[in-house]
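Given next are the chains, with one letter for each unit.
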Amino acid sequence: MEVAVYWGCMIPTVEYAYELSLRATFPRLGVELIDLEGVSCCGSPIKSVNRLAADYLALRNIALAEETGTEHLLVPCNGCYLSLSEALHHWRTDEELQGEMEKFLDKEGLTLEGRMKIVHTINFLHDIIGLEAVEKAVKKPLTGLRLVSHSGCHILRPSKILDVDDPERPRKLDDLIRTLGAEVLEYPESLDCCGAGLLLSHPETAVSLSATKLRAIQGLGVDGLVDSCPACHMMFDARQETGARAIGCKLSLPVVYYTQLLGLAMGLDERSLGLHLNQSPVEKLLERAQKTFP
Amino acid sequence: MTLRDLTSEAASEGELRERIVRELGFELQSCFRCLRCTSGCTSMKLLELRPHFVMNMVKLGLVEELISSGIVWTCALCLKCEERCPQEVSPSELITLLRNLSFQREENVPEAYLKVVSSVLEMGLIQEPMEVVSREFEEFTRESLGLPRIVGPREAFSENLIELMTRGAG
């Protein structure tokens with residue numbers, strides 16, 4: 001199956017581990033990724049300064065993706081997933097906006113039909129590839145690992161536009177982790193925001209939020225946290241130390257992308273999954289995985 | 001702020017309030033202050049953001065005060081308020097519109113947002129591909145990791161974006 005992929009900004013400029021692990025794992029599930037040229041920011045940070053400009057950014061990326069002719073557009077970043085889905089919803093329901101955008105897209109030589117289905121890593125794997133196919137690709141089950149998940153805000157809300165998962169009790173990421181053989185715990189803070197949305201205006205508060213969630217998770221005695229958004233991941237992984245300093249505690253929790261975990265269960269090489277790039281102590285998780293399945 | 005200030009400001013801000021009301025996808029009056037938004041607000045505990053209070057300020061026409069206080073930039077945009085409102089009101093949408101207005105008036109916009117805007121205008125993305133360091137302190141780039149080169153947008157893109165950005169809010 002061919003799928004167009006829109007990486008956004010964070011994944012291709014700094015969160016390389018997500019891109020590496022997605023590129024390494026998806027072909028093994030029969031998915032051929034088609035890269036896009038000429039794409040831009042999804043509009044997420046721009047929405048705060050100009051809503052219309054944000055819609056334009058999102059729609060031009062969808063128009064570029066439509067040129068590939070694939071049915072689905074895979075958007076692995078939560079923020080981008082919301083921006084693109086929301087702009088497409090605006091475009092479909094607002095004729096005035098449609099006319100306006102047509103002019104701008106036309107200047108770039110683009111046309112928008114609005115026929116693509118926008119999917120995120122989680123619902124693509126869970127609903128389209130399916131748990132059974134994911135399970136079949138597992139070579140080294142992660143039996144014995146105890147994990148928790150963080151779905152992130154922007155694939156769950158607003159649920160009147162998005163349909164990745166239940167907005168108050170998401171389960172798909174947990175199901176996907178269980179399919180790899182690991183145990184998943186539910187925890188009270190699972191819906192707490194990572195704080196990335198405050199990074200541009202209140203960075204200290206942003207890292208306090210992520211660190212507070214990490215502290216709660218660490219208290220559960222689990223082997224690690226699994227996420228699937230580059231913004232959330234950066235907060236929990238790369239900013240773990242900064243966050244720990246901000247709230248005055250010691251944090252050492254392994255944080256991995258779901259696609260990295262999937263790759264481990266497929267028996268893929270750690271470096272091909274970008275596991276050397278995680279800044280949190282993922283060795284602890286890797287050792288545990290090795291012990292239970294040498 | 002004295003009572004006199006409040007009443008006189010409110011009268012002069014009718015126009016700003018009307019502009020916001022026109023852009024909103026819901027009725028301001030639908031909010032009956034049940035406080036469900038505020039009770040679940042991510043930014044309430046640490047930054048004292050109270051979404052219902054922002055709603056009420058706009059209802060009263062105190063838009064100028066909201067913008068100059070900088071309170072609209074304390075929102076984490078987690079969208080729980082919008083999701084949970086029993087009246088299908090969206091405080092986060094209102095906050096976004098107020099932010100748009102701040103930008104238009106060049107008032108109180110955090111520096112980092114302006115940097116992002118200029119980067120998107122220049123190269124299409126929020127930043128250039130960065131060099132990263134592994135836990136073992138090895139340096140990597142997209143290229144050395146074997147990732148394909150990024151091809152940015154063509155010229156008409158920035159012209160479009162500039163035209164849109166210089167237009168009215170919302």
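What counts as what
Residues numbered from 1 in each chain as written. Chains lettered and ligands numbered in written order. Predicted model: local features only at pLDDT ≥ 70, side-chain atom pairs only at ≥ 80, totals over all residues. Contact = placed C-beta atoms within 7 Å. Helix = DSSP H or I, 4+ residues; strand = E, 2+ residues; numbered from the N terminus. Nonpolar A, V, L, I, M, F, W, Y, C, P; charged D, E, K, R; others polar. Core = buried A, V, L, I, M, F, W, Y, C linked by C-beta atoms within 7 Å. Buried ≥ 20, exposed ≤ 12 C-beta atoms within 10 Å, placed from the backbone. Pairing = 2+ DSSP bridges. Expected span 1.5 Å × (residues − 1). Arc of directions from axis to C-beta. Axes fitted to C-alpha atoms, helices over the stretch in contact; angles between N-to-C directions. Parallel < 35°, antiparallel > 145°, perpendicular 65-115°, else oblique. Domains from an automatic or database assignment.

Visitor: Break down the interface of chain B and chain A for me, with residues and values.
Guide: Taken together, the contacts link 52 residues of chain B with 43 residues of chain A. Looking at the side of chain B that touches chain A element by element, the count peaks at 6 residues for helix 10 (residues 155–165) of chain B. Of the residues contributing to the side of chain B that touches chain A, the split by class is 32 nonpolar, 10 polar and 10 charged.

Visitor: Give me the environment of Ala53(A): which residues, what numbers.
Guide: Take Ala53(A): it is sitting in helix 3 (residues 51–66). Linking Ala53(A) and Ile161(A), residues 108 residues apart in sequence, is a C-alpha distance of 20 Å. Apart from the residues lying within four places of it in its own chain, the contact partners of Ala53(A) are Ile46(A), Leu161(B), Leu164(B) and Met165(B).

Visitor: Explain the nonpolar core residue by residue, including any values.
Guide: Counting residues in hydrophobic clusters, the biggest one holds 144 residues, and the most contacted among them are Leu73(A), Val75(A), Leu84(A), Ile177(A), Leu261(A) and Leu66(B). Top element by residues in this core is helix 3 of chain A. It accounts for 10 residues. Apart from residues no more than four positions distant in its own chain, Leu66(B) is found in contact with Val54(B), Met57(B), Val58(B), Ile71(B), Val72(B) and Leu98(B).

Visitor: Tell me about the sheet that holds strand 6 (residues 183–184) of chain A, and name the residues and values.
Guide: Residue and element names in this part refer to chain A. The 4 strands lie next to each other as 6-5-7-8, forming an open sheet whose pairing is parallel. With one partner strand each, in any of the chains shown, strand 6 and strand 8 (255–257) form the two edges of the open sheet. Two strands pair when backbone bridges link them, and strand 5 (residues 146–149) and strand 6 are joined in this way by 2 bridges, in the parallel orientation. When the sheet's bridge partners are listed, Leu-147 is paired in strand 6 with Val-184.

Visitor: If you had to explain helix 9 (residues 111–123) of chain B to someone new, which residues and values would you point to?
Guide: Residue and element names in this part refer to chain B. Taking 1.5 Å of rise per residue, 13 residues should cover 18 Å, and helix 9 covers 19 Å from first to last C-alpha, within 8% of that figure. Restricting attention to buried positions, one finds in helix 9 the residues Val-116, Val-117 and Val-120. Seen from one end, helix 9 has its buried residues packed into an arc of 100°, which puts them on one side. The exposed residues of helix 9 that point more than 90 degrees off its buried face are Glu-111, Ser-118 and Glu-122. Phi turns positive, to about 90°, at Gly-124, one or two residues after helix 9.

Visitor: Can you tell me about the packing of helix 8 (residues 203–218) of chain A against helix 10 (residues 240–247) of chain A, naming the residues and giving the values?
Guide: All names here are of chain A. In the contact formed by helix 8 and helix 10, the axes pass within 8 Å of each other and the chain directions differ by 95°. Here helix 8 is positioned roughly perpendicular relative to helix 10, judged by the angle of their axes. Between helix 8 and helix 10, the contacting residues are Glu-204, Val-207, Ser-208, Ser-210, Ala-211, Thr-212, Leu-214 and Arg-215 on the first element and Gln-240, Thr-242, Gly-243, Ala-244, Ala-246 and Ile-247 on the second. Taken together, the residues of the contact of helix 8 with helix 10 sort by class into 6 nonpolar, 6 polar and 2 charged.

Visitor: Go over the domain arrangement of chain B with me, naming the residues and quoting the values.
Guide: What the domain assignment lists for chain B is domain 1 (3–104) and domain 2 (111–165). Taking the mean C-alpha position of each, domain 1 of chain B and domain 2 of chain B sit 33 Å from one another.

Visitor: Any chance you could break down unusual backbone geometry for me, citing the residues and the numbers?
Guide: In this model, Arg157(A) is joined to Pro158(A) through a cis peptide bond whose omega is -5°. In this structure, Pro158(A) sits in the loop between strand 5 and helix 7 (172–179). A positive phi angle is found at Leu79(B), which is not glycine, with a value near 70°. In this fold, Leu79(B) is placed in the loop between helix 6 (63–69) and helix 7 (80–84). Phi is positive for Asn108(B), which is not a glycine, with a value near 70°. Inspection of the secondary structure puts Asn108(B) in the loop between helix 8 (91–104) and helix 9.

Visitor: With reference to specific residues and values, describe the domain arrangement of chain A.
Guide: Residue and element names in this part refer to chain A. Each assigned domain of chain A is listed with its residue range as follows: domain 1 (2–119) and domain 2 (131–292). Between domain 1 and domain 2, the C-alpha centre-to-centre distance is 24 Å. Contact residues are listed per partner, giving 22 residues for domain 1 and 28 residues for domain 2. Elements that contribute at least two residues to the side of domain 1 that touches domain 2 include exactly helix 1 (10–13), helix 2 (16–25) and helix 4 (78–93). Looking at the side of domain 1 that touches domain 2, the element that brings in the most residues is helix 2, giving 8 residues. Across the side of domain 1 that touches domain 2, the residue classes tally to 13 nonpolar, 6 polar and 3 charged.

Visitor: Please provide a residue-by-residue account of helix 3 of chain A, values included.
Guide: Along its 16 residues, helix 3 of chain A runs 23 Å from first to last C-alpha, staying within 8% of the 22 Å computed at 1.5 Å per residue. A large share of helix 3 of chain A lies buried, amounting to 14 of its 16 residues.

Visitor: Give me the lowdown on the sheet that holds strand 1 (residues 2–5) of chain A, citing residues and values where you can.
Guide: All names here are of chain A. Read across the open sheet, the 4 strands follow the order 2-1-3-4; overall the sheet is parallel. Each edge of the sheet is formed by a strand with only one pairing partner; in this case those strands are strand 2 (32–35) and strand 4 (117–119). Ignoring which end each strand starts from, the neighbouring axes of this sheet average 40° apart. Bridge count between strand 3 (residues 72–74) and strand 4: 3 bridges; the pairing is parallel. By the bridge assignment for strand 4, His-72 is matched with Lys-117.

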